[in-house]
Every structure is written in structure tokens, then in C-alpha cells.
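Listed here are the chains, written in short residue letters.
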Amino acid sequence: MDNFKIKSCSNDKLGLVKRSHQYCLILLCLVALIGCQDSNEDNKISPPNVVFIMMDDFGYGQFGVFSDSITTADFPPFFVKLVDSLQGYSLDKSLEFSKRAMPTLKSLSENGLLFNKAFTSSSLCAPSRVGIATGAYQNKLGFYTNTDVEAKGIEKGSHLVEQLKKLSYNTAHIGKWHIGRRDKTLINGILEKHDLSGVKRWSRFRNTHPQAYNEIINSGYLGSVRNEHHPLNNGFDYYYGYNHWASQYYNDVNVWENFEHVGIQKEYNTDVFTDKALDFIEAQIEKKDPFFVQIHYHAVHDSIEPVAPKKYLERFKSSSPHLNNFYAHVHGVDQNIKRIVSFLKNNNLYDNTVIVFTSDNGAMSGGVYSGHKTGSPLPGNAPFSGHKGNYYQGGIRIPLLFHWPSGIKIQGVSESLVSTMDIMPSVIDLAGGKVPENIDGKSLRPIFEQSPKKVVHQNLIWAGVQSSRWGFLIAKSSKNHGNEGEHAPPAWAIIEGDYLLRFTGILEPRIYLDHMQGKKAVFELYNIKDDPAETMDIVYKMPEKALELAQTYFDKSKYFAPPQTWSKEKWLELINSKNNLLKSEWARP
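Residues numbered from 1 in each chain as written. Predicted model: local features only at pLDDT ≥ 70, side-chain atom pairs only at ≥ 80, totals over all residues. Heavy atoms only, no water.

## Digging into the overall build of the chain
Then, in step 1: Of the regular secondary structure elements, the chain holds 20 helices and 17 strands.
Then, in step 2: With respect to the three principal axes, the spread of C-alpha positions in the chain is 125 × 65 × 50 Å.
Then, in step 3: Taking all 589 residues of the chain together, the buried fraction comes to 56%.
Then, in step 4: In the chain, the share of contacts with a sequence separation of at least 24, taken over all contacts with a separation of at least 6, comes to 74%.
Then, in step 5: When the 65 positive and 62 negative side-chain charges of the chain are each reduced to one mean point, those points stand 2 Å apart. (Helix = DSSP H or I, 4+ residues; strand = E, 2+ residues; numbered from the N terminus. Buried < 20%, exposed > 50% of the residue type's maximum accessible area, 1.4 Å probe, protein only. Contact = heavy atoms within 4.5 Å. Lys, Arg positive; Asp, Glu negative; His and termini not counted. Charge placed at Lys NZ, Arg CZ, Asp CG, Glu CD.)

In C-alpha cells, the structure reads:
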């Protein structure tokens, strides 16, 4: 028995030692596992912050990085002729100023990925912005013109920023919204007060009922947005901006902050919008969640007569106040981007912040508003023809830049065909989210990670109005900015590879000076690599290519909806263009 006790005691001690070794081994494994997890966490890149900057009506040739590759010989000849006869500024100075105006963006471009073949989804601001917000062709909603968008507004839940909210992003929209209906409840009381209830065209009150007109303007109605289309009800946590095509540089009454009318925003709006963006970013520093801020500047929309602040203007000295002032406004945007970059660097946010820069459509180059407002100067959209409002390349080809030091390792210039519809899908993908499948935009991540030559779009298509009212081509019309649009023909276009095919509808008689007898609908084909200005129509030389592109357009556009307000007759002309195609002389066997 004593021997048994001794043996039992020994066995107990042995078991205790074994168990101790097992416990130690388990503990060591746990420590190692935790250490491994910590190591993985240290190596993991957290979701990036995003600053999405968009200028308004800023042209390809006005972007200093691109203007490095063009000469005055690339300027549109008719635009040059108008400048020589009406304004007389130096062509060389306009090119020089475009190259000097944006040193910050030039630096970001040299250290980021710049897209040389980027296009908007429309040549007009409101439809284009819907395409950006939803990542889809806005034509599917019946949006072809600005008034189409203003009549219906963005669909609830369709703004892709809501995908970022699912990823715990804090979000802000600052600047131009212009994708919702205005809040008409603001003017109902004013109209009733002046016994004008039921009147629809209140804009005509300027002369007939000036008091009522001024009350409506000062109420902030023009910049207002209905609740269902309001940024705060469509994925944004903070809003400071306006739901209108423009905001005056100074003393503007269109601006709202969240749901409250600001009253009069007195200071220069490029500076104020940046102040608001930096305030929002600063408030996020102590939070663990990433932020998404889109700053959609007013510059350089519409007339640019208001004089830019001296700190921006003094950089540009020529004999043309117009030329000096335009590039001062451009430089103002660049210097405010510099403020943002400096803030990000000073707060250790720069390396993990994606900066996106683009424009909503081509420049309103050289346009005249009723003889007293002048549009933006040369280089305009050079080397491309056309301007805002039409479907020459100048109306839809724009700068697009992505910059993310810790995430985008491929730098330089990409020649891949891309769209501004790709911006939000790319941001969602980079943030670790899932890009919705039922949209037309694509993530550009394969280009960022694999090759700048990676193909994400085989082709892109457009449909809308082919108008001259927003640029220098208005000088070739018998009409003016206020009334040319109702006569402008419809158009559609497709770009695939090096080719652009465009259909332009019937030209009415007595509208366009080059075709005063009118003109039947036409199809035109261009090799935009060899002929970027679209001067040599090759549809007769390559009818098979034109037929192939036309069929692709018809297949892709079959889901486009009737317009909200634009002429149904002109829209039907687009739909029936297939019949024109079959009747075309060049298309016959």
C-alpha cells in the first residue's frame, strides 16, 4: 500500500508536469497568434480617405499638364478668328498662362495617374453629374439636358456615396449639387403674397414684378433642393453648397448649409468652399472612421467677369484683363488644392488619402451671353473641336487624375478609355466595398494595380442635344445663347478604339449660318488618334467600321428612356436614326 501511494504520488507529479508543459505550449501559441495578428494589422493599409475635387466647365486644353503637349497651332481656327477680331489677346500668353496656373495639380499629376482619354457621360453639367453620382448612363433616367434633371432629380438610394456609408465613411458634399429638384414651397408664399399664385414663369418678374422677383432670389430658392433629393438624404453627413448651375463668386444668395439657407455668402466662394472642406476634415481627425469629401467648385462656370482676389490675380500680367482674370480663378482653385494637400500632410493623412480631380464637361469656351458675358478663353478644349453643349470631343473629353501615395503605385499617363462614371466605382473598390453590378461605370483598380494600358471599357456612348449656345460656335448661328437650344439638333456618338462615330439630326433652315437652307441628318466617322480635331470625315472610306459602331450604339442605348422635358420629337429622331443609317448612301452595298 505504501508502495502504491508512492507510485501514485509520482504519477500525479508526472501528470502535473505534463499538463504544465501543455499549458505553456498553448500559452506560447496564443502569444504567437496574437503577435501575428498584430503584425498583420500593422501591415494592413486602412481604408483610404478620399477628396474628390471637380471644377465646372474646365477644358482639356486649359489644364496645364495637357497644355504642355499642345501648341497654338492646335487651337480651334474659328475660335482663334473670334479672339483676333473681338478680344485680341495673345495666343502665346493664353498657352503660357494655362501652363502656369496649376503648379499643385501638375505636381500631383507627376506623382499620380493621369488619364489622357477620359470622358464625361454628357456635355452638360447636370446630366454629367448624375452620371458621376450613380455610375450609370443618366439617359436611362430620361436625362439629356439640364432641365431634364431639374424636373425629376436623382432617384432615392442611387447615389454611390451610400455604398461608402456602409463602409463607415463620414461624408461631405461641398459646392455644386445640381442633381435635384428645387424646393418650390419656398416661393409659394411669396407668389401668394403678391397675388401671383399659379404663375409658372416667375423668372419673367424681373421687370414686371421686381419686388416679388427679388424676394424669390433672396430666399435662396435657386440654390434649394427638395428633401428627397437633398445630399443629407442621399448618403452625405454634411452639406454646404447649392443646387443650381452657378454660384456667384462673391455675395451669393444660392448657398445652403445642411437644411438652412446661408443668406449672403460674401467672400470668394473658392476659398469658402475649401474652408468648409478643411473644417470637416479636421473634425474627422479624432475619429477612427475614414472620410469622403467631394468639393465641387463653382470655378470656372458661366461668366468669369467678377475679379479674382489679388493674391491670385497678381500672377498673371498681360494686356488682356479677361485672360488675366480667367487664369487667376483657375489658379485660385489650384492654390486651394495646395491648402488641402498641406493640411493632409501636416496631419499625417496625405499618404493614405486618394485625391481625385476632374471637370464635369468641356469648357464654355468663348461663348457670349446676350452680348455682355464672355466665356472662357483659349486654349479652351484644344486640340479638340467644340465645347460644352455638343458632342465633338471638346464637349466631353476632360482631365481625370487619381493620386494616392500609399495605394496607387503605377504612375504616369494612361491612354485607356475611361469615364467619369468610373470615379465612384473606383473609390468604392479602393475602400474595400463591392461595386454594384447594375451600373455602367467600372472600377479603375486593374489599371492602378496592373497596367496603365489595361482595358476597362471597350467603348463609350452619348446621346443628347448638339447645341452651340455654350461656346464660340454660337457665332455661327442666327440665334443667341437664350434661344438657340430649342432649335439645336439631337445627336448621339460612340467612341471605340481610335474611332468616333457621330449622328447629328436635321438642321432647321435659317438657324446655322453655314447651312441656312437647313441640312439633312448625317453620320460622321473620325479617326480621333490621327485627327483629334475631327476635320476629316472618313465614313465613305470605312463604311463597315461605321456600321459596326452604329450597331454597338443601338444595342447599348436600347435602355435609354424618353426625356423628361427635352423635345420628344428630337428624341424620336435619335431612336429612328437607324432608319437614316440604312438609307445613307455610304451604307449601301
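Next, the rest of the story.
## Notes on helix α5 (residues 103-110)
Then, in step 1: Within α5 the residues assigned to the buried category are T104, L105, L108 and S109. Relative to the axis of α5, the buried residues are bounded by an arc of 135 degrees and lie together on one face.
Then, in step 2: Its buried side turned inward, α5 meets α2 (64-67), β2 (113-119), α14 (321-346), β8 (353-359) and β11 (397-403). (Arc of directions from axis to C-beta.)

## Considering the packing of aromatic side chains
Then, in step 1: Within the structure shown, the criterion is met by 35 aromatic pairs.
Then, in step 2: Considering the side-chain rings of F58 and F63, the 6.4 Å spacing of their centres and the 85 degrees angle between planes classify their relative orientation as edge-to-face.
Then, in step 3: Note on F115 and F402: the rings are 6.3 Å apart at their centroids and 85 degrees apart in plane angle, and the pair reads as edge-to-face. Of this pair, F115 sits in strand β2 while F402 sits in strand β11, and the two are 287 residues apart along the sequence.
Then, in step 4: Residue classification places F115 among the buried positions, given a relative accessible area of 0%.
Then, in step 5: Judged by relative accessible area, which is 0%, F402 ranks as buried.
Then, in step 6: Put simply, the rings of F58, Y60, F63, F66, F357 and F384 touch in pairs and so form one group of aromatic residues.
Then, in step 7: Above the ring of Y350, the side-chain terminus of K345 is found at 4.8 Å from the ring centroid. (Phe/Tyr/Trp six-rings, centres within 6.5 Å; stacked < 30°, edge-to-face > 60°. Lys NZ or Arg CZ within 6 Å of the ring centre and 35° of its normal.)

## Describing the pattern of salt bridges
Then, in step 1: Applying the stated criterion across every chain yields a total of 22 salt bridges.
Then, in step 2: Between R226 and E228 there is a salt bridge whose closest N-O contact spans 2.8 Å.
Then, in step 3: Residue E228 is classed as partly exposed on the basis of its relative accessible area, which comes to 35%.
Then, in step 4: Across the pair D429 and R445 runs a salt bridge whose closest N-O atoms are separated by 3.3 Å. Here the residue D429 occupies a position in helix α16 (residues 423-430), and R445 occupies one in helix α17 (residues 445-449), the gap between them amounting to 16 residues.
Then, in step 5: Look at the salt bridges and you will find they share partners, linking D56, R129, K176 and D360 into a network. (Salt bridge = Lys/Arg side-chain N within 4 Å of Asp/Glu carboxyl O.)

## Section: the packing of helix α12 (residues 269-284) against α14
Packed helix pairs are specified by the crossing angle of their axes together with the interaxial distance, meaning the distance between the axes.
Then, in step 1: Between α12 and α14, the shortest axis-to-axis distance is 10 Å and the interhelical angle comes to 15 degrees. Between α12 and α14, the crossing angle belongs to the class labelled roughly parallel. Judged by the sense of rotation from one axis to the other, the crossing of α12 with α14 is right-handed. Mapping the contact onto sequence places T270, D271, T274, D275, L278, I281 and E282 in α12 and G332, V333, N336, R339, I340 and F343 in α14.
Then, in step 2: Each residue belonging to the contact of α12 with α14 can be placed in one class, and the counts come to 5 nonpolar, 4 polar and 4 charged. (Axes fitted to C-alpha atoms, helices over the stretch in contact; angles between N-to-C directions. Parallel < 35°, antiparallel > 145°, perpendicular 65-115°, else oblique. Left-handed = near helix turned anticlockwise from the far one by under 90°. Nonpolar A, V, L, I, M, F, W, Y, C, P; charged D, E, K, R; others polar.)

## Comments concerning the nonpolar core
Then, in step 1: The biggest cluster of nonpolar side chains holds 67 residues, and the ones touching the most others in it are F63, M102, V293, I295, V300 and F357.
Then, in step 2: Element by element, the count of residues in this core is highest for α14, at 11 residues.
Then, in step 3: Excluding its chain neighbours within four sequence positions, the residues that come into contact with I295 are V51, F52, I53, M54, I174, F273, A277 and I340.
Then, in step 4: Counting residues in each nonpolar core, the second largest holds 47 residues, with F119, Y526, L581 and A587 among its members. (Core = buried A, V, L, I, M, F, W, Y, C linked by side-chain atoms within 4.5 Å.)

## Description of unusual backbone geometry
Then, in step 1: With an omega of 5 degrees, the peptide bond running from A299 to V300 counts as cis.
Then, in step 2: For V300, the position within the fold is in the loop between β7 (291-296) and α13 (310-313).
Then, in step 3: The step from A382 to P383 runs through a cis peptide bond, and the omega angle for that step is 10 degrees.
Then, in step 4: As for its placement among the helices and strands, P383 is situated in the loop between β10 (373-374) and α15 (393-396).
Then, in step 5: Phi at N348 is positive, roughly 55 degrees, even though this residue is not glycine.
Then, in step 6: When you line up the elements, N348 lands in the loop between α14 and β8.

## Looking at the environment of D195
Then, in step 1: By secondary structure assignment, the location of D195 is in the loop between α9 (185-193) and α10 (205-208).
Then, in step 2: D195 sits in the exposed class, given a relative accessible area of 71%.

## A few points about the confidence of the model for the chain
Then, in step 1: Confidence in the prediction for the chain averages 91 pLDDT; 91% of positions are at 70 or higher.
Then, in step 2: pLDDT under 50 marks residues 1-18. Its contacts with residues more than four places away, or in other chains, come to 0 contacts.
Then, in step 3: Counting interchain partners and residues more than four positions distant, the pLDDT-below-50 stretch residues 23-44 has 0 contacts. (pLDDT = per-residue confidence, 0-100.)

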